[in-house]
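Spelled out from the first residue to the last, the chains are:
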Amino acid sequence: KLVRSIRIPTLEVLELARRGFVALSIGTTEANTVGIGLALVAACCYGAYTVAGKQLVQADRPIEGVIAASLLGGALILAPALADHGSRLLSTRGILLAGWLGLVSTALAYTLFVRGLRRIPASIAGTLSLAEPLVAVILAVLVLGEHLGPVAIAGALLLLAGITLASLPTLRRSSAERVLTEAAG
């Protein structure tokens, strides 16, 4: 077998995923600068959470403590909204929805994410979390009947390619580049 190395700089893989994300975002909805701004702030917060979570698990803190701190912080931020609109949660539908969002979409998702941070670098975890908007768009198409235009479809494919390249176990990471070893023969 002939083995050759193809160098793929880390920043190029991340840029591929970023461009896919941008195209997917622009191609699915009308541009709303406030919404885009809020999404960018949320992305910065999530990036900070990823780095802080990685530092806590590297310091050998129990996962439960990391997750409890996250949920407590979220509860403190959510408290004013619950005070104003909490009565809507008292219906059967509201309780089921809050249970799903709280237990599955938040607690379970963050538990799995923090467990993953124990095994992979924060940079890879952050890149792989780009699958979240891709899954959301796929679910919007399948469950809500939304339609994707050509730009969104191209963006989804670019995002998927970036996520795939970032997660391949054959990619060897260094501070400046990844090496993809390709067996041909």
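Per-chain numbering applies: the sequence of each chain, read as written, is numbered from 1 onward. Given that the model is predicted, a residue must reach a pLDDT of at least 70 before its local features are reported, and side-chain atom pairs must reach 80 or more before they are shown or counted; all residues, however, enter totals for whole chains, interfaces and linings. Calculation of side-chain values draws on the structure's entire complement of heavy atoms; hydrogens and water are dropped beforehand.

Draft legend 1. Spotlight on the nonpolar core. Take the buried Ala, Val, Leu, Ile, Met, Phe, Trp, Tyr and Cys residues and link them wherever side-chain atoms come within 4.5 Å; each set so joined is a nonpolar core. Relative accessibility under 20% of the residue-type maximum defines a buried residue, over 50% an exposed one, and the middle range a partly exposed one, all with a 1.4 Å probe and only protein chains included. Membership of the largest hydrophobic core is limited to 9 residues, which are Y49, V57, I63, I67, F113, V114, L117, A122 and A125. Starting at the N terminus, helices and strands are each numbered in turn, a helix being any DSSP run of H or I of at least four residues and a strand any DSSP run of E of at least two. Secondary-structure elements contributing two or more residues to this core are α2 (33-58), α3 (63-85), α4 (92-117) and α5 (122-128). The element that contributes the greatest number of residues to this core is α4, accounting for 3 residues. For A122, the contacting residues outside a window of four places in its chain are T50, K54 and L117. Counting 8 residues, the second-largest nonpolar core is a separate cluster that includes A17, L24, A152 and I163. Here, residues are in contact when the closest pair of their heavy atoms is within 4.5 Å.

Draft legend 2. Quick peek at the packing of α2 against α4. Lines fitted to C-alpha atoms define the axes here, with helix axes fitted over just the stretch in contact, and angles between the N-to-C directions of these axes take values from 0 to 180 degrees. Where α2 meets α4, the closest approach of the two axes is 9 Å, and the angle between their N-to-C directions is 60 degrees. Taken as axis vectors, α2 and α4 run oblique relative to one another. In the crossing of α2 with α4, the sense of the turn from one axis to the other is right-handed. Of the residues in α4, those touching α2 at Y46, Y49, T50, G53, K54 and V57 are Y110, F113, V114 and L117. Class assignment for the residues of the contact of α2 with α4 results in 7 nonpolar, 2 polar and 1 charged. Put simply, angles under 35 degrees are roughly parallel, angles over 145 are roughly antiparallel, angles from 65 to 115 are roughly perpendicular, and the rest are oblique. Take the far helix as the reference: if the near one is turned anticlockwise from it by less than a right angle, the crossing is left-handed, and if turned clockwise, right-handed. In this count, Pro and Cys sit with the nonpolar residues alongside Ala, Val, Leu, Ile, Met, Phe, Trp and Tyr, while Asp, Glu, Lys and Arg are called charged and the others, Gly among them, polar.

Draft legend 3. Seen up close, the packing of aromatic side chains. We call Phe, Tyr and Trp rings a pair once their centres come within 6.5 Å, taking the six-membered ring for Trp, and we label the pair stacked below 30 degrees between planes, edge-to-face above 60, and tilted otherwise. The full count for this structure, using the stated rule, is 5 aromatic pairs. Between Y49 and Y110, the ring centres sit 5.1 Å apart and the planes meet at 85 degrees, which makes this aromatic pair edge-to-face. In this pair, Y49 is assigned in helix α2 and Y110 in helix α4, connecting sequence segments 61 residues apart. Judged by relative accessible area, Y49 falls into the buried class, the value being 17%.

Draft legend 4. Quick peek at the environment of G99. Within the element layout of this structure, G99 appears in helix α4. In this structure G99 comes out as partly exposed when scored by relative accessible area, which is 25%. Separated by 10 residues in the primary sequence, G99 and L89 place their C-alpha atoms 10.0 Å from one another.

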